[in-house]
Amino acid sequence: MLIDKISYSSPIRDINPGIKFLLSMITLIFLLYSKSYIVFLFNFLLFNILLLFTVKVRIYDLLKLNFIPALFIGTTAISLWLIKKDVSLFLMRTFSSLSAVYFLICSTPVVDLDYIFFKLKFPKIFREMFMLIYRYIFLLSENKERLLDSQNVRLGYSNYRNGMKSFPMLVTAILKKTWYYGINSVKAVESRLGKEFLFVHRKYRKPGKEIIFTGAVIIINLWLVIVYG
């Protein structure tokens, strides 16, 4: 998965995830509260610059990440335009908010998000389900790619007739894999008597300049909201 690869190779993945979460979430609050184009433009540029030059996301990958959300945003924008609402305000708010969220998930591996859930006192059952569902998605996606590659090598999709035969086989194989991983997950939980789930938190870099930067961004956003919002 693209986001997974980016987050694990991010130069700032060892920064405490709580700091990155604080920066993104407080920024989102400002973006949802404000109606100022200045606030939206500032945060859109800021977080995209951070993604490109700090998180080291390639421009092609960043465009790819924004492509699918842009399809849904586009359909909503058309609906707003038809009922004569402010489409430009919606687009600016949406894409600036999306940039703030992408900064968090592209700089923080998913397994480290559990640190945030732990600090926020989320129930263990939620944390367990979150990690297991994420793991299932990752495994199923990987298996789908492998099965699809094996079918393509055998010319499974060389024509329409072969494709109609190969696609049901692909779906069946994925469902079998889902069943297999489900049974083994249940066995793993039963082997621990269904009481504990293994949560591992890494040691993160000691807070330094990132605290100052986060505080500065929050203060600038607060000032922009007060003056222009």
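Right above here is the structure, for reference.
Predicted model, so just to flag it, every value in this text is computed and none were measured.

Comments concerning the packing of helix H1 (residues 2–9) against helix H5 (residues 87–107)
Item 1. Direction vectors running N to C along H1 and H5 enclose 70 degrees, while the axes themselves pass 7 Å from each other. Between H1 and H5, the angle falls in the class roughly perpendicular. From H1, Ile3, Ile6 and Ser7 reach across to H5, where they touch Tyr102, Ile105 and Cys106.
Item 2. Looking at the contact of H1 with H5, its residues break down into five nonpolar, one polar and no charged.

Here's the deal with H1
Item 1. Turning to H1, its buried residues are Asp4, Ile6 and Ser7. The buried residues of H1 occupy an angular sector of 165 degrees when the element is viewed end-on, so they sit on one face. Relative to its buried face, H1 has exposed residues pointing more than 90 degrees away, namely Lys5 and Ser9.
Item 2. Taken together, the buried residues of H1 touch helix H4 (59–82), H5 and helix H7 (124–153).

Re the side chain of aspartate 61
Item 1. In this fold, aspartate 61 is placed in helix H4.
Item 2. The buried category is assigned to aspartate 61, whose relative accessible area is 8%.
Item 3. Each residue touching aspartate 61, except ones within four places of it in the same chain, is listed here: Leu2 and Ile6.

A word on the packing of helix H3 (residues 37–54) against H5
Item 1. The contact between H3 and H5 brings their axes to 9 Å, and the two run at 30 degrees. The angle between the axes of H3 and H5 places the two elements in the roughly parallel class. Note that H3 runs across H5; the crossing there is left-handed. Only Ser88, Leu89, Met92, Arg93, Phe95, Ser96, Ser99, Ala100, Tyr102, Phe103 and Cys106 of H5 make contact with H3, whose side of the interface consists of Tyr37, Phe40, Leu41, Phe44, Phe47, Asn48, Leu50 and Leu51.
Item 2. Of the residues in the contact of H3 with H5, the class split is 14 nonpolar, four polar and one charged.

Quick word on the nonpolar core
Item 1. Among the nonpolar cores identified, the biggest contains 26 residues, and Phe47, Leu51, Val55, Phe103 and Cys106 are the most heavily contacted of them.
Item 2. At the level of secondary structure, the elements contributing two or more residues to this core comprise helix H2 (17–33), H3, H4, H5 and helix H9 (209–228).
Item 3. Ignoring any residue separated from it by four or fewer positions in sequence, one finds phenylalanine 103 in contact with Ile12, Lys20, Leu23, Ser24, Phe47, Leu50, Leu51 and Val55.

Thoughts on the packing of aromatic side chains
Item 1. With the rule as written, the count across this model stands at seven aromatic pairs.
Item 2. Taken together, a centroid distance of 5.4 Å and an interplanar angle of 85 degrees make the contact between phenylalanine 117 and phenylalanine 126 edge-to-face.
Item 3. The exposure class assigned to phenylalanine 117 is buried, which follows from its relative accessible area of 14%.
Item 4. When its relative accessible area of 37% is taken as the criterion, phenylalanine 126 is described as partly exposed.
Item 5. With a centroid separation of 5.0 Å and 80 degrees between ring planes, the pair formed by phenylalanine 117 and phenylalanine 130 is classed as edge-to-face. Pair noted here: phenylalanine 117 is in helix H6 (residues 113–119) and phenylalanine 130 is in helix H7, with a separation of 13 residues, a long-range link.
Item 6. Assessed through its relative accessible area of 26%, phenylalanine 130 is described here as partly exposed.
Item 7. Clustering of aromatic rings is evident, with ring pairs tying together Phe117, Phe122, Phe126 and Phe130.

Calculation criteria
- Residues numbered from 1 in each chain as written.
- Predicted model: local features only at pLDDT ≥ 70, side-chain atom pairs only at ≥ 80, totals over all residues.
- Heavy atoms only, no water.
- Axes fitted to C-alpha atoms, helices over the stretch in contact; angles between N-to-C directions.
- Helix = DSSP H or I, 4+ residues; strand = E, 2+ residues; numbered from the N terminus.
- Parallel < 35°, antiparallel > 145°, perpendicular 65-115°, else oblique.
- Contact = heavy atoms within 4.5 Å.
- Nonpolar A, V, L, I, M, F, W, Y, C, P; charged D, E, K, R; others polar.
- Buried < 20%, exposed > 50% of the residue type's maximum accessible area, 1.4 Å probe, protein only.
- Arc of directions from axis to C-beta.
- Left-handed = near helix turned anticlockwise from the far one by under 90°.
- Core = buried A, V, L, I, M, F, W, Y, C linked by side-chain atoms within 4.5 Å.
- Phe/Tyr/Trp six-rings, centres within 6.5 Å; stacked < 30°, edge-to-face > 60°.

That's the geometry; what it means functionally is another story.
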